[in-house]
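Breakdown of the fold
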Amino acid sequence: MTCLCNLIIDSCCDLPFEVVDREGVELIEFPYIMEDGERADDLYRSTTAHEFFQAMRDGAQPTTAQVPVPVYREAFERAIASGVPTVCLVFSSGLSGSYDAAALVHDQLMEEHPDAELYLVDTRLASVAEALLVHEALRQRENGLSAKELAAWAEEARFFVDAEFMVDDLESLRRGGRIPGSVAYAGAKLDVKPLLTIGADGKLSLSGVARGRKKGIKQLADYYAKRVDSEGPAKYVVIGNADCPKDAERLKEALSKVDDSILFLESSIGPVIGSHVGPGMIAVVFWGGDKREELSVADRIARKVKQG
């Protein structure tokens, strides 16, 4: 079947390359910097997850950067020149300025090419949470959605992707500015394994703590059991891990006890996300309820005001 639109995605979706290597799908690679210079997050085609995270264990402190504006410009110009309607799904604006860069280029090019069909979506998701949205977007594209329909689908579906992940500590997130220093300090003092989630605004928040990894894995499975939408899309569950495959297997076993019909999609946390979470992160991602309904009363009022 011929797809009605093309997709532009980015490497922060942390999907295996073979999953996204399809005709009409372009991958934008985020940069990251090691001691020997800048590298491209190419979904582990040029290195392995173990090599990257072992370097961190050995003391490396990789840093990350936004996607350069020219990279978006070139990708968008190719999309427009192709004449094929295209949707671009971008890593959360709540965690990176790359969406703002993409939006700037998009607005400029749409002024120059007002008839072009190029849709830009802030996924408000990251890593394996973004993976689930991209994975389903690929399926919806192949099922025949037009670019306009797929963009509208993604704008809505992003709020139903639920995720919780456990990290060994919060230092990497603090160093990268993704969480306040006070939260990292409290986590270190309590000697616990922090559990985090991604809110409707695309930002990280602390959802709980676990006394040790074994209990943390159980809490991840419990989180799924409490929040999964049993009537939602196919029961795909993404299991992500930062070079801790044995823990990923333990999480799969725990989840299978909750529901033996789960279809698992496994993912290695990429170097850009990995730079901020460090080795040992493990995550569960699935289709849940509408995260917008979890906003506080004050936030819901503010949202209505903004919508006019």
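The structure contained in this document is the topic of the report that follows. (Residues numbered from 1 in each chain as written. Predicted model: local features only at pLDDT ≥ 70, side-chain atom pairs only at ≥ 80, totals over all residues. Heavy atoms only, no water.)

1. Observations regarding the sheet that holds strand β3 (residues 31-34)
- Spatially, three strands are ordered β4-β3-β5 in an open sheet, and the strand pairing comes out antiparallel. The outermost strands of the open sheet, each flanked by one partner alone, are β4 (37-40) and β5 (63-64).
- As paired strands, β3 and β5 are joined by two bridges and run antiparallel to one another. Counted as the bridge partner of Y32 is T64 from β5. (Pairing = 2+ DSSP bridges. Helix = DSSP H or I, 4+ residues; strand = E, 2+ residues; numbered from the N terminus.)

2. Notes on the pairing of strand β7 (residues 118-122)
- In terms of burial, β7 is largely enclosed, as four of its five residues are buried.
- When strand β6 (residues 86-90) meets β7, the two strands line up parallel, connected through five bridges. Within β7, the position partnered with L89 by the bridge is V121.
- Tracing the backbone out of β6, into helix α4 (residues 98-112) and back to the parallel element β7 gives a crossover that is right-handed. (Buried < 20%, exposed > 50% of the residue type's maximum accessible area, 1.4 Å probe, protein only. Right-handed = clockwise from strand over helix to strand, strands pointing away.)

3. Things to note about the environment of A75
- You can see A75 is positioned in helix α3 (residues 69-82).
- Separated by 13 residues in sequence, A75 and C88 have C-alpha atoms that sit 9.7 Å apart.

4. Quick look at helix α2 (residues 49-57)
- Turning to α2, its buried residues are A49, F52, F53 and M56. Projection of α2 onto a plane perpendicular to its axis shows the buried side chains occupying an angular sector of 85°, all on one side.
- Count one or two residues on from α2 and you reach G59, which has phi positive near 115°. (Arc of directions from axis to C-beta.)

5. Overview of the packing of aromatic side chains
- Taken as a whole and assessed by the stated rule, the structure comprises seven aromatic pairs.
- Seen from their ring centres, F52 and F53 are 5.0 Å apart, and the 80° between their planes marks the pair as edge-to-face.
- Under the relative-accessibility criterion, F53 is labelled buried at 0%.
- With a centroid separation of 6.0 Å and an interplanar angle of 65°, the aromatic rings of Y223 and F286 are classed as edge-to-face. On the criterion of sequence distance, the pair formed by Y223 in helix α9 (residues 213-227) and F286 in strand β13 (residues 282-287) is long-range, its members being 63 residues apart. The same class applies to Y223 as to F286, namely buried.
- Taken together, the aromatic side chains of Y32, F52 and F53 make up a single cluster linked through ring pairs.
- Between R45 and the ring centre of F17, over which it is positioned, the NZ or CZ distance is 3.9 Å. (Phe/Tyr/Trp six-rings, centres within 6.5 Å; stacked < 30°, edge-to-face > 60°. Lys NZ or Arg CZ within 6 Å of the ring centre and 35° of its normal.)

6. Some details on the packing of α3 against α4
- The interhelical angle for the contact between α3 and α4, taken along N-to-C directions, is 40°, at an axis separation of 9 Å. When the axis of α3 is compared with that of α4, the two are oblique. Considering the relative orientation of α3 and α4, their crossing is right-handed. Along its contact with α3, which presents V69, Y72, R73, F76, E77 and I80, the element α4 presents S98, A101, A102, V105, H106, Q108, L109 and E112.
- Of the residues in the contact of α3 with α4, the class split is eight nonpolar, three polar and three charged. (Axes fitted to C-alpha atoms, helices over the stretch in contact; angles between N-to-C directions. Parallel < 35°, antiparallel > 145°, perpendicular 65-115°, else oblique. Left-handed = near helix turned anticlockwise from the far one by under 90°. Contact = heavy atoms within 4.5 Å. Nonpolar A, V, L, I, M, F, W, Y, C, P; charged D, E, K, R; others polar.)

7. Some remarks on the pattern of salt bridges
- This model, assessed by the stated rule, comprises 19 salt bridges.
- Across the pair R158 and E155 runs a salt bridge whose closest N-O atoms are separated by 2.9 Å.
- A relative accessible area of 8% means that R158 is categorised as buried.
- Look at E155 and you get partly exposed, because its relative accessible area is 31%.
- Of the charged contacts in the structure, one is a salt bridge between R227 and E294, with a shortest N-O distance of 2.6 Å. Here R227, found in helix α9, pairs with E294, found in the loop between β13 and α12 (297-307); they are 67 residues apart in sequence, far enough to count as distant.
- Through salt bridges with shared partners, a single network forms among D168, K193, R213, D247 and R250. (Salt bridge = Lys/Arg side-chain N within 4 Å of Asp/Glu carboxyl O.)

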